[in-house]
Amino acid sequence: MCGIVGYCGARRASEILLEGLRRLEYRGYDSAGLCVPEDRRLRIFKKCGRIRDLRRIVPDTLTATSGIGHTRWATHGEVTDENAHPHADCGGDLAVVHNGIIENYSVLKAKLESEGHSFRSTTDSEVIAHLISSFYDGDLERAVKDATPLLKGTYGIVCIHRAEPGRLVGARNGSPLVLGVGDGEVFLASDVTAVLAHTKQVVYLEDGEIVSVSADEYRTTDPSDRPVEKKIEHIGWELEEIEKGGFPTFMEKEIFEQPRSIERALRGRLDRTNATAHLGGLNLSGKQLLDIERVKIVATGTSYHAGLVGTYLLESISRIPCTAELSSEVRYRNPIVERNTLYFVLSQSGETADTLYALRELKRKVATVLGICNVVGSTIARESDGGVYIHSGPEIAVASTKAFTSQLSVLYLFSLLMGRMRHLSFEQGAEVLERLEETPELVAKALDQHAHIRSLARKYSGARDFLFLGRGVNYPVALEGALKLKEISYIHAEGYSAAEIKHGPIALINETTPSMFLVPNDRLRDKIISNMKEVKARQGKVIAVVADGDEEIGEIADDVITVPNTHRLMYPFLMVVPLQLFSYYCARELGRNVDQPRNLAKSVTVE
Ligand code: M6R
């Protein structure tokens, strides 16, 4: 959600902070601010809008070599300059940036007000500054240690005090915080993209830990104030991966990257000798894998849609019962954990609060929970019993695209592994492997349709409502198509099983509500054609995504997009591509900010 960056070193902090905030802008982009100690006082600059708006009010003359910055995604309090972070105590001696939600802020605020503190903003975060300040007695680290146990909720915070200008103190509980260790400089950030331009050496803080940072050292303590020896880890991402690389937007870059990102998800995991998959991080023996009787997938948003596709893959390829459920529902329904059940939590960011809390609840019930994440070292990846990285590379656009196809790749691999242990013959396993190997090339061919899809976006972007309809393994793809369209173009869209429309949604159909039908060349094709005809009979416009060579559909649908002909279980990889492109081009037609759509943020670290 919000982005945090802090710096202690020898360079001009304001420049480093602004640059770090620019990289973090995908996490939240309604307002931003920074604070640097200058001339024995704290100078705070805050502004509604984008980082470029903040840059305009930050003087070039600042020389401080430490400071903190923040980019906000509003939770408590409207989007105003006052509500932007950093927040200061009454005297402006101490400032803090915060990511998360302080649930008991109103109780704390009332108490602090009764002690004489006065508040400037309507945020929950400001209470942290006043609270730490009330404990401050010349030692910021001590004050943070005394104050944080009183905070209920989630936080990643970094604070600075006027009297200790070369020191930052950070703390985390439920919101990520990472240290970047450079040469004579140390960074604190909510995610590694903010520090990647400066260092690849990072240290991940755990919940309850507090870190005190200066230019050439950092010290971490646990909740009982015992020193913690932290391991330095190496970030595998390259700087170019968090740049647009010649594309106008990150989303476009990420859509077109998919042949390569799928390849990366498969790399080193195709075991041709045994016609199976090799997944190193599962931390389960062959015997334990064989004992698994059912699989449950837990995720939100696009990851949930990938999980739904996974249920079809697992059941078809491995013949293991599999269901997918929304994380937020799992968390609060007192889930029943049965023996021999394997849970997968799917999350691109590895930080989604709903999924993380579901994971924790499942672990409290002693479930075996594996993570499928993109961000290495993320909280979900670390708290799972094991798992598989999808290796998509950084996904910066708020709308998730390449993570979806990489998640499918991993779910496919897992299905193959489980299938081979059960009923799949060597030849059948080899066939599945072959299909996986050809996927990047087929996805590249699906991408070749981009100019045609762009022309369709021109034709249809004026619609107010859209339906996306698929069946079987492509039903979740229809859900994903609708999510993509609504989140970046703001056109209202619904995804349904094509069979379901006659049970209600068909009432929406008229000449102004187009439907996008997914029509693979499989056993459901004829059924879908019947559904399509039902829509045409009611003057609905139809765009059909069909397999190459399927001429018949052209006679029914108003417009057709083709994808390569493939095995029935591989269509989700190909069908999702035109839907991503269609949403993207519609959003561009409508002049939307594609990478940072309104009201959204990349990783949703609040419930
Ligand atoms: O990081 P995660 O995969 O856990 O994120 C899940 C959703 O928040 C995410 O997919 C969201 O729905 C995207 N905006 C979809 O494009």
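Residue numbers here run from 1 along each chain, matching the order of that chain's written sequence. In keeping with the model being predicted, local features are shown solely for residues with a pLDDT of at least 70 and side-chain atom pairs are shown and tallied solely at 80 or more, while totals for entire chains, interfaces and linings include all residues. Side-chain numbers come from the whole structure's heavy atoms, not from hydrogens or water.

Colleague: Explain the domain arrangement of the protein chain to me, please; I cannot follow it from the model alone.
Modeller: A common way to express how large an interface is: the accessible area buried when the components associate. Segmenting the protein chain into domains produces domain 1 (3-235), domain 2 (266-446) and domain 3 (448-593 + 600-607). Source of the domain bounds: an automatic or database domain assignment. Averaged C-alpha coordinates put domain 1 and domain 3 at centres separated by 44 Å. Any two residues whose heavy atoms approach within 4.5 Å at even a single point are treated as in contact. Contacts between the two partners involve 10 residues from domain 1, matched on the other side by 7 residues from domain 3. For the pair domain 1 and domain 3, the summed buried area comes to about 740 Å², and 51% of that belongs to carbon and sulfur atoms. Buried area is calculated as the accessible area (1.4 Å probe) missing from two parts once they are joined, with the contributions of both summed.

Colleague: Sorry if this is basic, but what is going on with the sheet that holds strand 26 (residues 559-563) here?
Modeller: Pairing between the strands of a sheet comes from backbone hydrogen bonds, and it takes one of two forms, parallel or antiparallel. Two strands pair if DSSP finds at least two bridges between them. A run of DSSP states H or I qualifies as a helix once it reaches four residues; a run of E qualifies as a strand once it reaches two. Both are numbered from the N-terminal end. An order of 23-22-24-25-26 is seen for the 5 strands of this open sheet, with the pairing classed as parallel. Among the strands making up the open sheet, the edge pair consists of strand 23 (492-497) and strand 26. Recorded for the sheet is a direction-independent mean angle of 20° between the axes of neighbouring strands. Across 3 bridges, the pairing between strand 22 (residues 465-470) and strand 24 (residues 515-519) is parallel. A fitted line through C-alpha atoms represents every axis, and for helices the fit uses only the stretch in contact; the resulting angles, taken between N-to-C directions, go from 0 to 180 degrees.

Colleague: Can you walk me through the side chain of E185 in this structure?
Modeller: Within the secondary structure, E185 sits in the loop between strand 9 (178-181) and strand 10 (186-189). At 2.5 Å, the side chain of E185 and the side chain of Y7 are in polar contact. Not counting chain neighbours up to four residues away, the residues in contact with E185 comprise Y7, C8, G9, R11, G180 and A215. N or O atoms closer than or at 3.5 Å make up a polar contact, with two conditions inside protein: a donor-capable atom paired with an acceptor-capable one, and, for residues adjacent in sequence, both atoms drawn from side chains.

Colleague: Can you help me understand the pattern of salt bridges in this one?
Modeller: Pairing is possible between side chains that carry opposite charge, provided their charged atoms lie close to one another. A pair is scored as a salt bridge if a Lys or Arg side-chain nitrogen falls within 4 Å of a carboxyl oxygen belonging to Asp or Glu. Enumeration over the complete set of coordinates arrives at 44 salt bridges. Taking the shortest distance from any N to any O, the salt bridge between D225 and R142 comes out at 3.1 Å. One end of the pair, D225, is in the loop between strand 13 (217-221) and strand 14 (233-234); the other, R142, is in helix 5 (residues 140-147), with 83 residues separating them in the sequence. E361 is paired through a salt bridge with R364; the nearest N and O atoms lie 2.5 Å apart. Highlighted residues: E361 and R364, both in helix 11 (residues 353-364), separated by 3 residues, approximately one helical turn. For every residue, the accessible area (1.4 Å probe, protein chains only) is compared with the maximum for its type, and the residue is labelled buried under 20%, exposed over 50%, or partly exposed between those bounds. Given the relative accessible area of 13%, E361 is considered buried. The class for R364 is exposed, based on a relative accessible area of 56%.

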